[in-house]
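Structure at a glance
Each chain, written out:
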Amino acid sequence: MAQTKKSVSEFIQDAFCPTIAVLCSYDAESICRKNNLTFAELIQPFCRLPSEVSYRDPSNNLITLKNLRLEIKDFNSLPPQNTLAKKLLNDSVSSALNSSIANNEREIHTEQYDLNIKNTTPWFDAWRDCFLRITYNGEHEFLKNYLACIMVVSTSHLDPMDAFAKLVQQQALQQQQSPAKLPKWFMANIYKYFVLLHDVTEGEESKAVSVFADLKQQYGAGNCHLLQINSKRAGQTSGETSETTNMPDPWRLYVKQSSSSTTNTQEQQSNTISKQENSISDSLSNLTELIDQELNLNSSISHPLGSFDPSSSDMTSITTTDEGYDGASVNNASTIIHGACLTLSDHDRIHVFMNEFVTKGLLLWVETNLKSFNEQITSRRGITKFFSMPKKLFGSNTSTSKSVPSTSSSSLTNDSMEIVLRRAGDLAFLFQNYEFAYNSYYTAKRDLSRDQAPTFYAGVLEMCCLANFMQESPASKAYPTQYMDEAIEIYANASRLPIFATRCVLMSTEILKSREAYDQAVQQFLKLSQEDSDLRGALFLEQASHCFLNYRPPFIRKYSFYMVIAGHRFLKAGQRVHALRCYNDILTIYEKPNWTLALDHVNFTLGKQSALLNHSNDAIRSFNALFTPNNRIQNAQQQINFFKEYLTVFNQLTNSQTTLPELPVPIVDNSTIKILLASSQQAQMGGHIANCNEFDFDETREIWSDLERTIIAHDRRASGTRTQINLFTNRTHNQQHPIAVANETVRVEFYVRNILQVPLLLSEVQILWKHSVTGWKRKTSVSAETADVFHEHTNDTLTKQNDQPVECDIVSDCVIFPNDTSKIELSLRPLQPGYVTILGICYRLNVLVQNISDQTTWPYGIMGKTLFHVKGIRLNSNRKERLNVMYGIDKRLELQVVPEAPLLHIEFSPIPTAMFCGEIQSCLIHLINRSPTHAINRIRLAINQPNFITVSSSNDDSLFTYTNESQSIWNHSLSQQSSVLTLVNHHHPLQANSTRTVRLWLRASHLAGEMNVDFLFLYESDVFQQPLRHRTVKHSSLFIITHSIGFNTQTQSTGLGELMLPVQIDNLMTTPNTLSINIQQLSCISKNWHIHNLSFNSKNSIRYGENLSLLFKCTQGENENDSLHMKHIYLSTDETTKDKFIDISQNPIGDFFRRFISNIDSIHSTNRHKQSNPLPPIPPISLVLLWQIAMSNQLGQIELRHGLHIISPSIDLPNTQSGLDEIIQYELIYPPVIEHLFTKTLFLPVQLKVFNRSNEQIDLQLQLIRSSLDSDPLLSSCCLWSGMTEQFLHLSAYEHLSLTLHACFFKPGFYSLGNITLAMIDKIHSTTIPIKSNTHNYFVDIRTLPSSLS
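Residues numbered from 1 in each chain as written. Predicted model: local features only at pLDDT ≥ 70, side-chain atom pairs only at ≥ 80, totals over all residues. Heavy atoms only, no water.

1. As for the overall build of the protein
Check the secondary structure of the protein and you find 31 helices and 55 strands. By residue count, 52% of the 1350 residues in the protein fall in the buried class. Taking the intrachain contacts of the protein between residues at least 6 apart in sequence as the baseline, contacts between residues at least 24 apart amount to 77%. Of the roughly 62900 Å² of accessible surface on the protein, a fraction of 48% belongs to carbon and sulfur atoms. (Helix = DSSP H or I, 4+ residues; strand = E, 2+ residues; numbered from the N terminus. Buried < 20%, exposed > 50% of the residue type's maximum accessible area, 1.4 Å probe, protein only. Contact = heavy atoms within 4.5 Å. Areas by Shrake-Rupley, 256 points an atom, 1.4 Å probe, with all protein chains shown as cover.)

Listed below in structure tokens is the structure:
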């Protein structure tokens, strides 16, 4: 059970306190009405004596009364009728819901649960107090019968003594009438007390003294009292004393409790007793039906964990039973001030009056009657023993079996011994003489069991238990629980008086709670939780569930189960608010795994009942919980039923709402939300648009920020400008707000998931936004009152609004299949500068079902929203962030809108996708300014691979420029090429709504595979301002590069001022084909070297698997002008173009050459001391090879594909070496050209000469190794050495040594003899030190001897 404010003893004392009637004359009531009170209400706050009083029992023992309270009632007051009683009980429960108590929760911790349970149930306490207040006595007890009658007459009456006599006569007539009618009296000679009421401000004090003297003489001084009130006049604003300034209102609580009954029974109270038609038996019948007829008794209760079919009769009955008791509190008492004419002195006089009434009158009457009852009991007990002797001596035929109380009517009279015992026990119990009361009840129990009077028997059993508990002495017997169980059973089953059974349960369970016997308390609560009274059953089930929490260990699951049943019964009783409270209390328990069905029932009930109470937020939250992603038990039909009810309730709720409700399905995957600050563009020139306008474009790569910083570095004005990002995802750093431009489209892409078993239909889907001109607010919606204050607008409303600052594109229909994921792309367009927050999406939700009848139930669905919730990247920079799950700031949904600005549209027409290594192709870049008013002043382009890109005018569509001269001077600048290309400058800006075209030349890499080229276009305008200083357009192209040719060479010094330059060109295509590569021209660019062709090949076409070997000779000459010379060697077999040479100094080939020498490795330069020159280092010799491939396109037409290869061979001339190279010198002597008929292996003798220039002996190691293509990629093959592959040589001081080696060749070709290693042996360090030859490279040209010469 829950805790209560009162102790068990106080609760029982207040439940059974002496009842006193008040009979007033009309003039006395008139005086009291000045204070807006009746006389009974006037003295009610003073009915609890502040001090202890005492009296003596029949044994002359002193009985001390502690905390004695009297219940004062008007003589004409009647128990409320059934309808009013039911309303009072329901209202007491409803009004106590919001009673707040400090420290009202307790924590319960188990292995599975951590709960915070409310420790008190004030609604149960209020219902219990109301129930005990409105119940009346039955025929079998006298606890609430009137013990005394206080008769009140005022001094303003013309004849007060005559008025008192008439009141005495009125009370006597009412008590003596037959059959007896209400009110009921304790005994024939009740105690009468006479009060003379005197109005101090209007009455005559002398008359009051005179009348009071006559009154004492007539009725006795101890039975009379002169009460003076109204020391302050009505309407007085300033008191005569300081005590009248702040007067308390102790009547507020009592008047509030009785305001409802007073209002409805005023006419009945004005009638006389003679006009009342109710007998005592009729009132008992009404009281018995008081609880039985609280609600419709014939309504059936379906199991709360059963079917969720909304059309079931159970749910229908819940919504139609007891309408009006849905949580509304009792009407508050009037704000009229009570006791306006009373002062604190008057309060003290009333206290004195009540004290004298008890001590000088009532307690003396109690002593007298208790002695009288004791004498009667003692005398009759002796007679009973005398007549019982023959039975003991002679026996009887009475069966020894235990008699069971029957339902027959009792034949007891007022003079019977049992009635005397009961009356004596009740009087003693009311005045706290519990030992005397227990003995009387116990004696009556033994007598009544023989007389077969079930109701009286149950009554004395009940009071035996209470008197036993209230004795509080060690000598008292153990609490007889079996007595109370038997009494409850007799009341409920045999006597059909559930009202008294309910009272037994209320008393007994409090006693059992104090003794921590919670299991027995649960049994008693459950006995009276049947279906005859839903409100009582709900309250008792709730108390039983709280008992389970007091078990050791707590029974959490039983608590939650009985709370669900209690909530169900609260629904049947019309207490929806309490039902919601019960379901909410156990919601966290059923949220554990494996309780899905129970949790669905709880959430469904919470949602539906919250909707009936217009708790829209709670209803939305509960219904949303029915569609959680982890719920996999619901079948399709059940989800349809849920959804049907869901739509019905939401349509009702949204009628009174202004903002859109949040819908549970579909589920938005927040990790997939992408914001793209670009519209979906269509090609205007028939080409390819920049793919940065697509959501799959990767802006997270570091290359984009590097390219943007590269462009910004060329402009000092742009220093400090942040890089521009157009695509924001969960992988980007979203610490800064995206910058959108007015009248430009912002696209949003995300994925949604349908977790239901039925397909969902989303229609009218659009972005949910909020626009502000002052800044971002963290509110999700904007009310009409605050919109103007914050200058905010939103489409989070159920009504359409015009002139919105943001336009949204609407997706008409979107079907999401069961357990499927769909991608949705939406867009919005801000029309005004400001700040736009993307809140989520709004849409109309419906389901697609096969049954037509189900579909027509909700043909339009509901309009709602789903909010976005994004979080930044997981933080991991410090220890705190690593130990906790912390995320960074994510501002991708908060857009800063700047004024309208130019928008550049980039289109490539056409752009290749597949190229050969070294191939050159061109495409057009169309620069389109889509702004209608603003011009673009400058457009610059940065590329991640600038060596392969160059631009020219759109009219320059020719790749080659021809010349008739085979030798010429390079007349163009060789300054280092910038990696940033300027496409539009401020001298010739790109005007509004205009297009400019430039040609892009693209040269493929020499490495086969995938080549990704990233283009970053950065453009500026005069209208740009912070934070948008410039804008960018990004494009990324992927090219598939396939093998074409291999172009290799390596110089060989043959003497002073001469070089041999063998060149080998291979067809490196990996797949067999019929294509042939035609070599067009080889050009040599050098300042000091002149090239001569020594080859006489008539074939320049290389097919698959073939190679072409060429040999050139370079001679060194003087260059007085330090100019760069070009020598073109025509290699094609086409005689028509024999005298035409391609001028490689002209663009685009010239640009490619300049970019080549700008990035050439500095180790190839022979003039390293000139690196400080702003001009790039020019290699000694550069070879430019031009080739073409003829192939058919998709239309079957033959097209020529041109390519370019550039190499710069290294030149190592003989020089004076230092170190070991000066001590040991060696060289190989052999003929450079050999002709041989390869019918057998060629053995070439090679002479090795070694010279020791030192004056010490040196040990050398000679190794002959075989090269491979991996170690020497310049060679198509390599020689083999015959003989010993490793020798050790010993050279004396200044010794010359000559060795003959033999090289083997198996086929013609160019071979290197450099696979020889000579090293000096360091004996000290046990290692070898390599020695470099005077001539770095050794080549031999092996040719086939013509058969005619053989």
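2. Points about unusual backbone geometry
Here the residue pair serine 178 and proline 179 is connected by a cis peptide bond, since its omega of 0° sits within 30 degrees of zero. Across the junction of leucine 182 and proline 183, the peptide omega takes the value 0°, indicating a cis bond. Mapped onto the elements of the fold, proline 183 is located in the loop between α6 (160-176) and β8 (191-199). Positive phi, normally seen in glycine, also occurs at asparagine 36, with a value near 60°. Within the secondary structure, asparagine 36 sits in the loop between α2 (26-33) and α3 (39-43). Judged by relative accessible area, which is 37%, asparagine 36 ranks as partly exposed. Backbone geometry places asparagine 614, a non-glycine residue, at a positive phi of 65°. On the secondary structure map, asparagine 614 appears in the loop between α23 (596-612) and α24 (616-625).

3. Notes on the packing of aromatic side chains
Applying the stated criterion across every chain, the model contains 39 aromatic pairs. For the ring pair phenylalanine 164 and phenylalanine 194, a centre distance of 5.8 Å and an interplane angle of 80° mean the geometry is edge-to-face. Here phenylalanine 194 lies in strand β8 and phenylalanine 164 lies in helix α6, a separation of 30 residues in the sequence. Both residues of the pair, phenylalanine 164 and phenylalanine 194, count as buried. For the pair phenylalanine 604 and phenylalanine 623, a centre-to-centre distance of 6.2 Å together with 90° between the ring planes defines the contact as edge-to-face. Residue phenylalanine 604 is located in helix α23, and its partner phenylalanine 623 is located in helix α24; the two are separated by 19 residues in the primary sequence. Considered together, phenylalanine 604 and phenylalanine 623 belong to a single accessibility category, that of buried residues. Here a set of aromatic residues connected by ring pairs shows up, and it is made of Phe39, Tyr191, Tyr193, Phe353 and Phe357. (Phe/Tyr/Trp six-rings, centres within 6.5 Å; stacked < 30°, edge-to-face > 60°.)

4. With respect to a nonpolar patch on the surface
Side chains of Val815, Phe817 and Leu848 sit close together on the surface and give an oily, nonpolar patch of about 250 Å² of accessible area. For leucine 848, the position within the fold is in the loop between β20 (834-847) and α28 (852-855). The exposure class of leucine 848 is partly exposed, given its relative accessible area of 33%. (Patch = residues over 30% accessible without salt bridge, like charges linked within 9 Å, V, L, I, M, F, W, Y side chains within 5 Å. Salt bridge = Lys/Arg side-chain N within 4 Å of Asp/Glu carboxyl O.)

5. Some thoughts on the sheet that holds strand β19 (residues 821-830)
The five strands are arranged β12-β10-β14-β19-β17 in an open sheet whose pairing can be described as antiparallel. If you trace the sheet from one side to the other, it starts and ends with β12 (727-728) and β17 (806-808), each paired once. Looking at chain direction, strand β14 (residues 746-753) and β19 are connected through eight bridges and run antiparallel. Looking at β19, one finds that tyrosine 751 is bridged to lysine 823. (Pairing = 2+ DSSP bridges.)

6. Topic: the pattern of salt bridges
The full count for this structure, using the stated rule, is 38 salt bridges. A salt bridge links glutamate 744 to arginine 1031; the nearest nitrogen and oxygen atoms lie 2.6 Å apart. Pair noted here: glutamate 744 is in the loop between β13 (739-741) and β14 and arginine 1031 is in strand β33 (residues 1031-1042), with a separation of 287 residues, a long-range link. A salt bridge links arginine 940 to glutamate 1020; the shortest N-O distance between them is 2.9 Å. Placement of arginine 940 in strand β26 (residues 938-943) and of glutamate 1020 in strand β32 (residues 1009-1020) is noted, with a sequence separation of 80 residues between them. Classification of arginine 940 as buried rests on a relative accessible area of 5%. Judged by relative accessible area, which is 11%, glutamate 1020 ranks as buried.

7. Here we look at the packing of helix α15 (residues 454-471) against helix α16 (residues 481-494)
Running from amino to carboxyl end, α15 crosses α16 at an angle of 150°, the nearest separation of the two axes being 8 Å. Relative to α16, the element α15 is oriented roughly antiparallel. Regarding α15 and α16, the two cross each other, and that crossing is left-handed. Between α15 and α16, the contacting residues are Pro454, Thr455, Tyr457, Ala458, Gly459, Leu461, Glu462, Cys464, Cys465 and Leu466 on the first element and Tyr483, Met484, Glu486, Ala487, Ile490 and Tyr491 on the second. (Axes fitted to C-alpha atoms, helices over the stretch in contact; angles between N-to-C directions. Parallel < 35°, antiparallel > 145°, perpendicular 65-115°, else oblique. Left-handed = near helix turned anticlockwise from the far one by under 90°.)

8. Here we look at the sheet that holds β33
Across the sheet, five strands lie side by side as β24-β33-β32-β26-β30; this open sheet has mixed pairing. Here the strands that pair on one side only, and so sit at the sheet edges, are β24 (914-916) and β30 (980-984). Each strand axis lies, on average, 30° off the axis of its neighbour in the sheet, ignoring direction. Bridge analysis of β26 against β32 gives six bridges, and the strand direction is antiparallel. Note on β32: the bridge partner recorded for arginine 938 is glutamate 1020. The strands touched by helix α26 (residues 702-713) are β26, β30, β32 and β33; relative to β32, the strand with the most contacts, the crossing angle is about 45°.

9. Brief notes about the environment of glutamine 44
With respect to the element layout, glutamine 44 can be found in the loop between α3 and β2 (53-56). Once the C-alpha coordinates of glutamine 44 and isoleucine 72 are considered, the two residues, 28 residues apart in sequence, prove to be 6.4 Å apart. Here glutamine 44 is in contact with Ile72 and Tyr254, once residues within four sequence places are set aside. In this structure the side chain of glutamine 44 is engaged in a polar contact, spanning 3.4 Å, whose partner is the backbone oxygen of isoleucine 72. (Polar contact = N/O pair within 3.5 Å; in protein donor to acceptor, adjacent residues only side chain to side chain.)

10. Comments concerning the confidence of the model for the protein
For the protein, per-residue confidence averages 80 on the pLDDT scale, and 82% of positions sit at 70 or higher. Every residue in residues 237-245 scores below 50 in pLDDT, and together they form six contacts with partners more than four places removed in sequence or on other chains. In this model residues 389-409 is a low-confidence stretch, pLDDT under 50, and it forms 15 contacts with partners more than four residues away in sequence or in other chains. (pLDDT = per-residue confidence, 0-100.)

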